[in-house]
Amino acid sequence: MAHQPFEPLCEIPETFNCRSRDEGLRAESSSGGIFTVIATQIIKEGGVVIGASFKTDWTVCHEKAETLEEIVRFRTSKYVQSRLDNIFKETKKLLQSGRKVLFSGTPCQISGLHHYLRKEYDNLYTLDFVCHSIPSPKVWKMYLTQMAKNEKVTHVTFRNKSNGWNNYGLLIKSGNRVIDSGSNLENLYMRGFLEDLYTRPSCSQCMARNYTSHSDIMLADAWALDKYHPNLDDNKGMSQVLIVTKKGKNLFSKSVRGENVEIWNVPYVEVEPTSIHLPITASTKPHPYREYFFSLYNQKPLKELITYCLDQNDRRKRKIMFVKNVGRIFALDKIYQLWKKRRK
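Residues numbered from 1 in each chain as written. Predicted model: local features only at pLDDT ≥ 70, side-chain atom pairs only at ≥ 80, totals over all residues. Heavy atoms only, no water.

K.L.:
Before we move on, can you summarise the overall build of the protein chain with the specific residues and values?
P.N.:
Looking only at helices and strands, the protein chain features 10 helices and 12 strands. Scored against the burial criterion, the 344 residues of the protein chain give a buried share of 50%. A sequence separation of at least 24 residues applies to 68% of the contacts in the protein chain between residues at least 6 apart. When the accessible surface of the protein chain is summed, it comes to about 18100 Å², and 52% of that surface belongs to carbon and sulfur atoms. (Helix = DSSP H or I, 4+ residues; strand = E, 2+ residues; numbered from the N terminus. Buried < 20%, exposed > 50% of the residue type's maximum accessible area, 1.4 Å probe, protein only. Contact = heavy atoms within 4.5 Å. Areas by Shrake-Rupley, 256 points an atom, 1.4 Å probe, with all protein chains shown as cover.)

What follows is the structure in structure tokens.
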């Protein structure tokens, strides 16, 4: 029997923009480095942090970390589905032993954990993020294999900020050689992901939106920073923190205490949950060519197939826009003709 979605824990969470003063940490993080700041607090209190980590074959798996050195591998976004394996079971054992646990993951993974535990634990802290959707792990593996050919991949980041936080992109390297790179608006894998060409079907009917995952804290990029606070946008990354529960507020307050974090309390409107951060409130829509893509992805080179699907959809959107504009012109002409008749 399928689990029923939780009720929302809040409607308007308290919201902060913040960033670490550690420039090295910010450079290695997706946005402002605040996940590491919060995770560090848990480690200092003798707790365990659980998050998504790359394996040696560049698949992604949830693992535990008990030292500051170990949490480094949880930094930066990983735009591929993470394997959970036995991590829920291991988390439960840690909680029952009395250890503090910070579990980070997608909203649906946080919801799944709470459904698995079936009870509240005072020593459990959960952290999710604004989740666009989750790409197919098989497509990622095929893309990586086809791009690398026979070379050994030694470095992958989906949030390369060498051209700035606002122009982040994918970077794949073999030693010092760049195998694949490009901004989120240019790189084919990133474009296919952001346009939902090969994201999971369940993402279009997500039951963990609108703060129903029951996470304590939600993280995001402060993408509207240039609109509301352009003077703060140094293009190196700013985190947005949404406090969902009192427990989350207590953990966040302890984590950012001191002089290592710059923090600004901002109104919730700056999150823009119905536009820039629409995934907070609404599921993504499958790409019109998704079924076509999956009918051929085992037969054609992925770069060729992704390019074709994205180009065809661009043409489709241009046709729709053309028809709409023609319709507007005819409507305006009709109004004009009626106006002329009445003038006579």
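K.L.:
Got a sec to walk through the sheet that holds strand E7 (residues 155-160)? Specific residues and values, please.
P.N.:
Ordered by their spatial adjacency, 3 strands build an open sheet running E7-E8-E9, and the pairing between neighbours is antiparallel. Every interior strand has two partners, whereas the edge strands, E7 and strand E9 (177-183), have only one. Within this sheet the neighbouring strands show an average axis-to-axis angle of 10°, counted without direction. Summarising the sheet, strand E8 (residues 169-174) and E9 pair through 6 bridges and their orientation is antiparallel. By the bridge assignment, Ser174 is partnered in E9 with Arg177. (Pairing = 2+ DSSP bridges. Axes fitted to C-alpha atoms, helices over the stretch in contact; angles between N-to-C directions.)

K.L.:
Mind laying out the sheet that holds strand E12 (residues 261-266), listing which residues take part and the relevant values?
P.N.:
On the basis of which strands lie adjacent, the open sheet formed by 9 strands has the order E4-E3-E2-E5-E6-E10-E11-E1-E12 and mixed pairing. The sheet is open, and its two edges are formed by strand E4 (82-83) and E12, each paired on a single side. The pairing of strand E5 (residues 101-104) with strand E6 (residues 124-129) spans 4 bridges and is parallel. From the neighbouring strand, Ser104 faces E6, where its bridge partner is Leu127. This element, helix H4 (residues 107-117), spans strand E3 (60-65), E4, E5 and E6 of the sheet and lies at about 155° to E6.

K.L.:
I'd like a description of empty space enclosed by the protein, backed by residues and values.
P.N.:
A full pass over the atoms with the stated rule returns 1 cavity of 30 Å³ or more. Estimates place the volume of the largest cavity at around 50 Å³. Lining the largest cavity, in full, are Pro107, Phe129, Val130, Cys131, Ala208, Arg209, Asn210, Tyr211, Met218, Pro279 and Ile280. When its residues are assigned to classes, the lining of the largest cavity shows 9 nonpolar, 1 polar and 1 charged. (1 Å grid on protein atoms, 1.4 Å probe; cavity = no way out; pocket = protein on both sides within 12 Å on 5 of 7 lines; lining within 4 Å. Points joined across faces, edges and corners; volume = space filled by probe spheres on them. Nonpolar A, V, L, I, M, F, W, Y, C, P; charged D, E, K, R; others polar.)

K.L.:
Got a sec to walk through the nonpolar core? Specific residues and values, please.
P.N.:
Ranked by internal contacts, the top residues of the largest apolar core, which has 35 residues, are Trp140, Tyr143, Val156 and Phe293. The leading source of residues in this core is helix H5 (residues 137-148), at 7 residues. Excluding anything up to four places from it in sequence, Phe293 contacts Val139, Leu197, Tyr198, Leu302, Leu305, Ile306 and Cys309. Counting residues in each nonpolar core, the second largest holds 25 residues, with Ile43, Phe74, Leu219 and Ile243 among its members. (Core = buried A, V, L, I, M, F, W, Y, C linked by side-chain atoms within 4.5 Å.)

K.L.:
Can you lay out the side chain of Thr157 for me, pointing to particular residues and giving the numbers?
P.N.:
By the secondary structure assignment, Thr157 is in strand E7. Engagement of the side chain of Thr157 in a polar contact is seen with the backbone nitrogen of Arg159, the distance being 3.2 Å. Apart from the residues within four sequence positions on either side, Thr157 is in contact with Gly169, Leu170 and Leu171. (Polar contact = N/O pair within 3.5 Å; in protein donor to acceptor, adjacent residues only side chain to side chain.)

K.L.:
Quick one: what's the story with the packing of aromatic side chains, residue by residue and with numbers?
P.N.:
Scanning all chains against the criterion turns up 20 aromatic pairs. Taking 6.2 Å as the distance between ring centres and 85° as the angle between the ring planes, the aromatic pair formed by Tyr289 and Tyr292 counts as edge-to-face. You can call Tyr292 partly exposed: its relative accessible area is 33%. On the numbers, 5.1 Å between centres and 90° between planes, the contact of Phe293 with Phe294 is edge-to-face. The exposure class assigned to Phe293 is buried, which follows from its relative accessible area of 0%. Clustering of aromatic rings is evident, with ring pairs tying together Phe54, Trp58, Tyr79, Trp140, Tyr143, Phe158, Tyr189, Phe193, Tyr198, Phe293, Phe294 and Tyr297. (Phe/Tyr/Trp six-rings, centres within 6.5 Å; stacked < 30°, edge-to-face > 60°.)

K.L.:
Kindly report on the side chain of Ser82, identifying the contributing residues and their values.
P.N.:
Among the secondary structure elements, Ser82 is positioned in strand E4. In terms of polar contacts, Ser82 uses its side chain to reach the side chain of His62, at 2.8 Å. The residues touching Ser82, leaving out its near neighbours within four places in the chain, are Ala52, Val60, Cys61, His62 and Gln109.

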